[in-house]
Amino acid sequence: MRIALFSDIHANLPAFEALLADLDKRQADAVYCLGDLVGYNVWPNEVIAQIRKRGIATLAGNHDLKPKKIITTPQSLTEPGKSHAYHLIDDENRKYLAALPAHIRLEFNPPGGPLNMVLAHGSTRSVDEYVLEDLDEDYVLEMMEEANADILCVGHSHKPYHRVITTSNQKFKHVINIGSAGKPKDGNPDACYVILTLNEASTVLDKNSIEAAFIRVPYDVEKAAAAIEKSPLPDEFADRLRRAY
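Source: prediction; values computed, not measured. (Residues numbered from 1 in each chain as written. Predicted model: local features only at pLDDT ≥ 70, side-chain atom pairs only at ≥ 80, totals over all residues. Heavy atoms only, no water.)

A. Region of interest: the overall build of the protein. Secondary structure summary: the protein contains seven helices and ten strands in total. For the protein, whose C-alpha radius of gyration is 18 Å, the value lies close to the compact-globule estimate of 18 Å for 245 residues. When the backbone C-alpha atoms are referred to their principal axes, the protein occupies close to 60 × 35 × 35 Å. Separation of charge centres in the protein, based on 27 positive and 35 negative side chains, amounts to 3 Å. (Helix = DSSP H or I, 4+ residues; strand = E, 2+ residues; numbered from the N terminus. Rg over C-alpha atoms; globule rule 2.2 N^0.38 Å. Lys, Arg positive; Asp, Glu negative; His and termini not counted. Charge placed at Lys NZ, Arg CZ, Asp CG, Glu CD.)

Listed below in structure tokens is the structure:
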């Protein structure tokens, strides 16, 4: 089974359209979004429309939770500042974002025994927590045991990696940060997503039986950056897209 995972689009429609076009060619069996559809750019409604049109199961990211705290006024649509991105979201899409779940849990039953996968935006404990590649191993294992997760897929940091941790009983836990579809921070401005492959040989006893392929998709970065610079959003957001930091 080929599972496509992406996260942190951040209202970057050119990046998301390029990602979707690439994804359509790969014919994944399932597609999940780990949140942060909005923030930092000017196309939140268009991005949400694509997610809903395709029926993609989606989590709430920390930025997706912000619109319900912001009251939209006509003046706020032209006020400069970071919050401008949230004022652009229409009422229907605000309701959609507010109803998104915190986690998605999937259970697979290959011959080698059950595999439990948990999808979270930040971590299983908090939407704002960063699960970085060098996070303390014992802490990560404790969190995964708490969540009953053999595979933990997260976003939020915008820095992709696949980390395999060996437990005391010689089983293998997989932590996969799927990077960012619309605002990478790893020095590569291309959109990023993951194809996770599971099959009948997948098991916690073989660290190579679970494969995560990181797909990078070039897109018109300048179009996305220019849209920011023409809006009341801070110009620094455009620079971050160009430099991917």
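B. Looking closely at the layout of surface pockets. Taken as a whole, the largest pocket encloses approximately 180 Å³ of empty space. Surrounding the largest pocket, 13 residues form its lining, E145, D150, K171, K173 and V204 being those nearest its centre. For the lining of the largest pocket, the class distribution of residues is four nonpolar, five polar and four charged. (1 Å grid on protein atoms, 1.4 Å probe; cavity = no way out; pocket = protein on both sides within 12 Å on 5 of 7 lines; lining within 4 Å. Points joined across faces, edges and corners; volume = space filled by probe spheres on them. Nonpolar A, V, L, I, M, F, W, Y, C, P; charged D, E, K, R; others polar.)

C. A look at the packing of helix α1 (residues 13-26) against helix α2 (residues 44-54). α2 packs onto α1 with a crossing angle of 25° between their chain directions and a minimal axis gap of 9 Å. Classified by the angle between their axes, α1 and α2 sit roughly parallel to one another. Handedness of the α1/α2 crossing: left-handed. In contact with L13, F16, L20 and D24 of α1, α2 contributes E46, V47, Q50, I51 and R54. Looking at the contact of α1 with α2 residue by residue, the classes come out as five nonpolar, one polar and three charged. (Axes fitted to C-alpha atoms, helices over the stretch in contact; angles between N-to-C directions. Parallel < 35°, antiparallel > 145°, perpendicular 65-115°, else oblique. Left-handed = near helix turned anticlockwise from the far one by under 90°. Contact = heavy atoms within 4.5 Å.)

D. Representation of the pattern of salt bridges within the structure. Taken as a whole and assessed by the stated rule, the structure comprises twelve salt bridges. Notably, a salt bridge pairs K173 with D150, separated by 3.2 Å at the nearest N-O pair. Residue K173 is found in strand β8 (residues 172-177), and its partner D150 is found in the loop between α5 (137-147) and β6 (151-154); the two are separated by 23 residues along the sequence. Classification of D150 by relative accessible area gives buried; the value is 12%. Among the ionic pairs, R243 bridges to D239, the shortest N-O distance being 3.3 Å. Of the two residues, R243 and D239 both sit in helix α7 (residues 236-243), four residues apart, roughly one turn of that helix. Residue class for R243 comes out exposed when judged on its relative accessible area of 53%. A single network of salt bridges, built from pairs that share partners, joins R125, E142 and E146. (Salt bridge = Lys/Arg side-chain N within 4 Å of Asp/Glu carboxyl O. Buried < 20%, exposed > 50% of the residue type's maximum accessible area, 1.4 Å probe, protein only.)

E. Main features of the sheet that holds strand β3 (residues 57-58). In spatial order, the strands read β3-β2-β1-β9-β10; together these five strands make up an open sheet with mixed pairing. Because the sheet does not close on itself, it has two edges, and the strands there are β3 and β10 (211-217). In this structure, strand β1 (residues 2-6) lies alongside strand β9 (residues 191-197), joined through four bridges in antiparallel fashion. Among the inter-strand pairings, I3 is bridged to a residue of β9, identified as L196. The strands touched by α1 are β1, β2 (30-33), β9 and β10; relative to β9, the strand with the most contacts, the crossing angle is about 25°. (Pairing = 2+ DSSP bridges.)

F. Seen up close, the environment of N148. In this fold, N148 is placed in the loop between α5 and β6. Given a relative accessible area of 51%, N148 falls into the exposed group. A sequence separation of 129 residues divides N148 from L19, and the C-alpha atoms of the two residues are 31 Å apart.

G. Structural detail: a positive patch on the surface. On the surface, a cluster of positive charge is made up of K66, K68, K69 and K82. Along the chain, K69 falls in the loop between β3 and α3 (84-87). Residue K69 is classed as exposed on the basis of its relative accessible area, which comes to 67%. (Patch = residues over 30% accessible without salt bridge, like charges linked within 9 Å, V, L, I, M, F, W, Y side chains within 5 Å. Areas by Shrake-Rupley, 256 points an atom, 1.4 Å probe, with all protein chains shown as cover.)

H. Local environment of the nonpolar core. Membership of the largest hydrophobic core comes to 43 residues, with the highest contact counts inside it found for F6, I9, L37, I51, L97 and Y193. Core analysis: the next-biggest nonpolar cluster, separate from the first, contains 22 residues, A30, M117, V194 and A212 among them. (Core = buried A, V, L, I, M, F, W, Y, C linked by side-chain atoms within 4.5 Å.)

I. Examining the pairing of strand β5 (residues 115-120) more closely. With respect to burial, β5 is a largely interior element, six of its six residues being buried. The alternating pattern of β5 places L115, M117 and L119 and N116, V118 and A120 on opposite faces, both of which are buried. Taken together, the six bridges between strand β4 (residues 103-108) and β5 define a ladder with antiparallel strand orientation. Counterpart to I104 in the pairing with β5 is L119. Linking β4 back to β5 in an antiparallel pair, the connection comprises six residues, with G113 at a positive phi of about 115°.

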